[in-house]
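Each chain is listed here by its residues.
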Protein chains: 4
Amino acid sequence: MAGNTFGEVLRLTSFGESHGVAMGGILEGMPSGVPIDFDFIQLQLDRRRPGQSAITSPRRETDQIEILSGIFDGTTLGTPIGFIIRNIDAKPADYDQLKEAYRPSHADFAWYQKYGFRDYRGGGRASARETISRVAAGAIAMQFLKQQGITIHAWVSAVGDIQMEDLKSFDADAIYSNDVRCPSPSDAERMIAYIKMLRDKGDTTGGIISATIQGVKPGIGEPVFDKLHASLGHAMLSINAVKGFEIGSGFKAATMRGTDHNDPFVNHGGKITTSTNFSGGIQGGISNGNDINFKVAFKPVATIMQPQESVDASGDPAIVTGKGRHDPCVVPRAVPIVASMAALVIADQLLRSRLSRL
Amino acid sequence: MAGNTFGEVLRLTSFGESHGVAMGGILEGMPSGVPIDFDFIQLQLDRRRPGQSAITSPRRETDQIEILSGIFDGTTLGTPIGFIIRNIDAKPADYDQLKEAYRPSHADFAWYQKYGFRDYRGGGRASARETISRVAAGAIAMQFLKQQGITIHAWVSAVGDIQMEDLKSFDADAIYSNDVRCPSPSDAERMIAYIKMLRDKGDTTGGIISATIQGVKPGIGEPVFDKLHASLGHAMLSINAVKGFEIGSGFKAATMRGTDHNDPFVNHGGKITTSTNFSGGIQGGISNGNDINFKVAFKPVATIMQPQESVDASGDPAIVTGKGRHDPCVVPRAVPIVASMAALVIADQLLRSRLSRL
Amino acid sequence: MAGNTFGEVLRLTSFGESHGVAMGGILEGMPSGVPIDFDFIQLQLDRRRPGQSAITSPRRETDQIEILSGIFDGTTLGTPIGFIIRNIDAKPADYDQLKEAYRPSHADFAWYQKYGFRDYRGGGRASARETISRVAAGAIAMQFLKQQGITIHAWVSAVGDIQMEDLKSFDADAIYSNDVRCPSPSDAERMIAYIKMLRDKGDTTGGIISATIQGVKPGIGEPVFDKLHASLGHAMLSINAVKGFEIGSGFKAATMRGTDHNDPFVNHGGKITTSTNFSGGIQGGISNGNDINFKVAFKPVATIMQPQESVDASGDPAIVTGKGRHDPCVVPRAVPIVASMAALVIADQLLRSRLSRL
Amino acid sequence: MAGNTFGEVLRLTSFGESHGVAMGGILEGMPSGVPIDFDFIQLQLDRRRPGQSAITSPRRETDQIEILSGIFDGTTLGTPIGFIIRNIDAKPADYDQLKEAYRPSHADFAWYQKYGFRDYRGGGRASARETISRVAAGAIAMQFLKQQGITIHAWVSAVGDIQMEDLKSFDADAIYSNDVRCPSPSDAERMIAYIKMLRDKGDTTGGIISATIQGVKPGIGEPVFDKLHASLGHAMLSINAVKGFEIGSGFKAATMRGTDHNDPFVNHGGKITTSTNFSGGIQGGISNGNDINFKVAFKPVATIMQPQESVDASGDPAIVTGKGRHDPCVVPRAVPIVASMAALVIADQLLRSRLSRL
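Description of the structure in this document. (Residues numbered from 1 in each chain as written. Chains lettered and ligands numbered in written order. Predicted model: local features only at pLDDT ≥ 70, side-chain atom pairs only at ≥ 80, totals over all residues. Heavy atoms only, no water.)

### A word on the relation of the copies chain A and chain B
Rotating chain A by 180° about the axis while translating it 0.0 Å along that axis superimposes it on chain B, leaving an RMSD of 0.0 Å. Here the two chains are linked by the operation of a two-fold rotation axis. An overlap of 100% is found between the interface residues of chain A and their copies at the interface of chain B, pointing to a shared contact surface. (Least-squares fit on C-alpha atoms with pLDDT ≥ 70 in both. Contact = heavy atoms within 4.5 Å.)

### Examining the interface of chain A and chain B
Listed as interface residues are 111 residues of chain A and, on the opposing side, 111 residues of chain B. Together, the buried faces of chain A and chain B total about 8500 Å²; carbon and sulfur atoms form 58% of this surface. For the chain A face of the interface with chain B, the top three residues by lost area are Lys-114, Phe-225 and Lys-243 of chain A, together amounting to 10%. Counting every contact that joins chain A to chain B gives two salt bridges. Note that Glu-222 of chain B is salt-bridged to Lys-114 of chain A, the shortest N-O span being 2.8 Å. Linking chain A with chain B are 56 residue pairs in polar contact (both at pLDDT 80 or more), by the criterion used here. With seven residues, the single largest contributor to the side of chain A that touches chain B is helix α2 (residues 108-115) of chain A. For the side of chain A that touches chain B, the per-class residue count stands at 49 nonpolar, 40 polar and 22 charged. (Buried area = accessible area lost by both parts, 1.4 Å probe. Salt bridge = Lys/Arg side-chain N within 4 Å of Asp/Glu carboxyl O. Polar contact = N/O pair within 3.5 Å; in protein donor to acceptor, adjacent residues only side chain to side chain. Helix = DSSP H or I, 4+ residues; strand = E, 2+ residues; numbered from the N terminus. Nonpolar A, V, L, I, M, F, W, Y, C, P; charged D, E, K, R; others polar.)

### A few points about the relation of the copies chain D and chain A
Between the two copies of the chain lies a relationship made up of a rotation around an axis and a movement along it. Of the two same-sequence chains, chain D is brought onto chain A (RMSD 0.0 Å, axial shift 0.0 Å) by a rotation of 180°. A shared binding surface is used by both copies, with 100% of the interface residues of chain D retained as interface residues in chain A.

### Overview of the packing of helix α5 (residues 228-237) of chain A against helix α5 (residues 228-237) of chain B
Orientation of α5 of chain A relative to α5 of chain B, taken along the N-to-C sense of each, is 165°, at an axis distance of 8 Å. Relative to α5 of chain B, the element α5 of chain A lies roughly antiparallel. Crossing of α5 of chain A over α5 of chain B shows right-handed handedness. Packed against α5 of chain A, whose contacting residues are His-229, Ala-230, Gly-233, His-234 and Leu-237 of chain A, the element α5 of chain B presents His-229, Ala-230, Gly-233, His-234 and Leu-237 of chain B at the interface. Taken together, the residues that form the contact of α5 of chain A with α5 of chain B break down as four nonpolar, six polar and no charged. (Axes fitted to C-alpha atoms, helices over the stretch in contact; angles between N-to-C directions. Parallel < 35°, antiparallel > 145°, perpendicular 65-115°, else oblique. Left-handed = near helix turned anticlockwise from the far one by under 90°.)

### A few points about the interface of chain D and chain A
Facing the 43 residues of chain D at the interface are 43 residues of chain A. Both sides together, the interface formed by chain D and chain A hides about 3500 Å², and carbon and sulfur atoms give 64% of it. Of all residues in chain D, the largest losses of buried area upon contact with chain A belong to Leu-68, Phe-72 and Phe-117 of chain D, amounting jointly to 19% of the total for that side. Along the contact surface separating chain D from chain A lie two salt bridges. Ionic pairing is found between Glu-66 of chain A and Arg-86 of chain D, a salt bridge with its closest N-O pair at 2.9 Å. Counting every contact that joins chain D to chain A gives 13 residue pairs in polar contact (both at pLDDT 80 or more). Elements with a contribution of two residues or more to the side of chain D that touches chain A: β2 (11-15), β3 (22-28), β4 (65-67), β6 (75-76), β7 (81-86) and α2 (108-115) of chain D. Here the residues of the side of chain D that touches chain A sort into 17 nonpolar, 16 polar and 10 charged.

### Some points on the pattern of salt bridges
Counting across every chain of the model gives 56 salt bridges over all chains. A salt bridge links Arg-333 of chain B to Asp-327 of chain B; the shortest N-O distance between them is 2.7 Å. For Asp-327 of chain B, a relative accessible area of 11% translates into the label buried. Taken together, the shared-partner salt bridges in this structure form one network comprising Arg-48, Glu-61, Asp-63 and Arg-129 of chain A. (Buried < 20%, exposed > 50% of the residue type's maximum accessible area, 1.4 Å probe, protein only.)

Bear in mind that shape data such as this cannot, by itself, settle questions of function.
Listed below in structure tokens is the structure:
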């Protein structure tokens, strides 16, 4: 089975090549009766859209969504929601050389080995433009979650070696107040400067996105294989350029002792919760009512504006030089993608949890 | 949908509570014609079995598997392979207090919130004893993979702050030559000493398992949602106590530049490969023929042999003291589990890749 | 993907070869909190069991079920329910000749073409003995349905040319009051005499099973592809020897006019229902609250006690003579199988319908 | 899970309401490398299109398909194939009364009970206009099958009481040579006259579609639950207005004896086949290489141009009179739908069968 569907009850099936006619998808399994604000969907798409700032790709797409079904009088029907976003600013000629040479750390070679045939224009379906369908579907899922009292925030917490200071808390509005989507203004400035410096050198950098999900009641998650953090990890690792995932204490947990890591249960005014949250809001694969916290590591963008040695399909040496329009750092635009995938996971698992009890 | 099935083509559905009648599962989708060595399955189960060394739980299970179907004259039939492993050394009385109090950082609370009813004996289905079915199924998958020229090795690369030195290479047989399953003998000794020290204090520690998969041809993995490392991450994060997953360069990638991180393609004697492997053998979610390398972080075991403050189901204060028979560090016994889940992922994705081309 | 799993939310995965170690399965997705009567499960198995009367196979199986997980203190846990039924009276020697010759209208030839290897003993997994797992799982599903006010009855309505008279209504207890499971005593007698006559000739006959499902509220069924009757049809056509399925008016509908076939809506004491039921309780693929009625056609048993011309695996002529222990007519023992598959469908769709609305 | 996806490996997910923006779907799982003739897709859509003859609905849709992805240079990429067909001739005002009254034997009531909210315009998603996505996807599947040497033909074999005579064989081109899609010209004439007579009375009729699939090699089908005829039955019963399905001998098998019904294996010039075909080309759920024959029964169209008594959502009496533009008999336009669903089943099962053997 091909891997273009995500989710069990709430299922996104997406389609589209970067320089084909359109991107799009079908979101199936959304219950009837959810009020949908179309402007919010477009807002989320705009946050992912290229060409918005000095530190993102200058490709000029309007990324206007057209919703084709499943919503009537502003409310979901319970039927599949079909949507498309047309590709406007396709410049396939930028990619003619790719017919011949494999770009290092791109999907070109592996893709060709798999299918024996590919749309080489801009990476075809391997392009991160594919994530637009995730953001569209995620924006619908977020509206369902909002009604259930659940909010999701993602933000850039590191770019290269620049790590965001630990904020006790922050206003979610601060995230989108700067180009790098880091809620700490001073760190954001340093990150932006670093990215610009690399961009000018034709180089790129990796980064980390952190996220928190608030308002999830205890009891969400499907052991033993679809533990809530396993679904989150699957979702995040499916995003282009992601190399690592941590839930709660993450890799640090490996260095800790049980006496330090265990989260004591306490009674806060009649509500059972934990006084620390190394678990990241999930125990035994099931939400425990605390905030769900996770981190996602992104590699540096593979397209660099420098000549690189490679080979072509015949195995002969070839020089690849970055063309096309690319981001020097992917994490700012990936913030709404991470939030969207988290929304799809939580909405799906929330619906699945309706089936646990008589 | 409940989450007791793993895989798309090769599917493991497992069942069993820790102190119920038996654990077991059905492995569906294994093609006909694979020769099966029953002794190897038992060997793998023995590697996961408690009671084997001074640093593991003293629970005494024989963990003898009975295969009930799907194999005829030592060869797979293409029909589902049913198997059971009976629970022998169940001591449910150890767990009577758990009817009342929630163990910190265990699944007790979240599980009860989800189902409203639970088998409290030894964690019921939330117990890591559940992983026995994964090891049984994984041992069958490994035999299929072996025939396809694919081998999988996992080993302990860190316990607490003790990290294994970087070995250029090592003999796979070295892994199981010591109790902690670390192929560096000197590091193994230090790890074992550390675990024993903690055990004597009634404390526990986390650790890291590293793994490598060799012999996977280019072209395995299903973009866009079931990228090969997304499936691996899902599999690993579904194992009890796992908090993090990295493919290739992992979180380090976030700090790197594209000029350093990109893996140049080279022609090695007619075979296209990459001269470095920050990608971890996967590009665009598809294997590129290089070794597939990943790491898995485990938290410290939640059951500590010290009194801990908690609450009971009514929210009243309660003291929990570790009883039952538990490991002070989970990673040594988790080594065959990690390898088994990797085998299930690779076998599944290998079969799925048969469907990519005309 | 192999086809050993049935259902979406409530999923039965079954395993077992007719003369292997055991038959069994895992029923996943049953919510927690359902009280389970083990005697009822055994009763249903006994109704399917061979060796019970003069018109069934004399194979002597005790068909005792062992439930291994998922039920605690007589109540479902919400975890997978594993179960096995051992094969006791296996007589593989009866089937030695089958290594060589293909039995007409059996699965032997097609199975071998598919897998290239088979367990030839008693049909292996192609044997109708496989349906025992369906009956076990169906008996659990029935107890869930009973609690939801839903009952299912199936009965033999035709054997050969002998059709049961149209009963206005009948006592469900009458079904199992005779060997042929036809609730009309006079028709039952005629059917039994016909079957005995054929058995004495070494011949076999087909028949029809009718069924009705009562108490299903409006709103169950998942358009567009998993319409309720499409799921029922799939279920029934998956039973060995089934050749046809009708919902409501069935094939007769093809000859009718809209003015005769339409079911007028009426208000019966505040409840909207239909005054006729040509729809068979389902409209647009969704239950409308009326009784759900369907029919299933079974072909004559393929094993006849007469020599038949055939070929062997090399294509050389071979004579096949029925050996083993077989039924002259399958429908009496298929009655609990039809009811069980209906129970699995309705329980699954009932659970799925929890997901339709906000 | 909602029911808008059909198939396991080759999966069609469809969307669209009859009077919404567009119908469409995503066909996922088609292997790379299949040449696609767009004209053939449009031809098939035209065969299903309304407004083509005196005996079909006069709704005027152009039904022009736009393919958005998955095909590059006229060849499949192995990526999902997204497509849309816009609704042009929507006349929602025709349906204003349906806000209030339930049309007899339509989905209105059951749909509303399920979702609590519906697009009442022209039946919304319950409309048979939904089948357009099946025909588009089926036309792509047919091109894959054609390359594998498989052809599918469906035709009208009965309208009301008028049954097509048994033709020894017929030219497939004859099917679409007349408005009713019956390959026997004299029967076609009688059927057309009958339909016109009913249309003039404001009445409707049912009918039967027969189909044959040629060129399927032995070994296709997935026992035990996804037997090939179970998948075909599921597919056919999911089509609007279908009430019955028969494979091979069908309901007639119930009246037959084993000595008459068994299909003897014979060696025809080195190829093992059967000399009769009561099995309909499938044994044990697996193709045996013979032609696959089945029949599908359709009820009379529920929309009649006469006043009918019904109730509204409050349960008050209401008179419903057919408006909108409807067919007096659905079977002529259903011929390409039946063939398309058969193509989706066979292509899916053909791909699944790649997984059976080492």
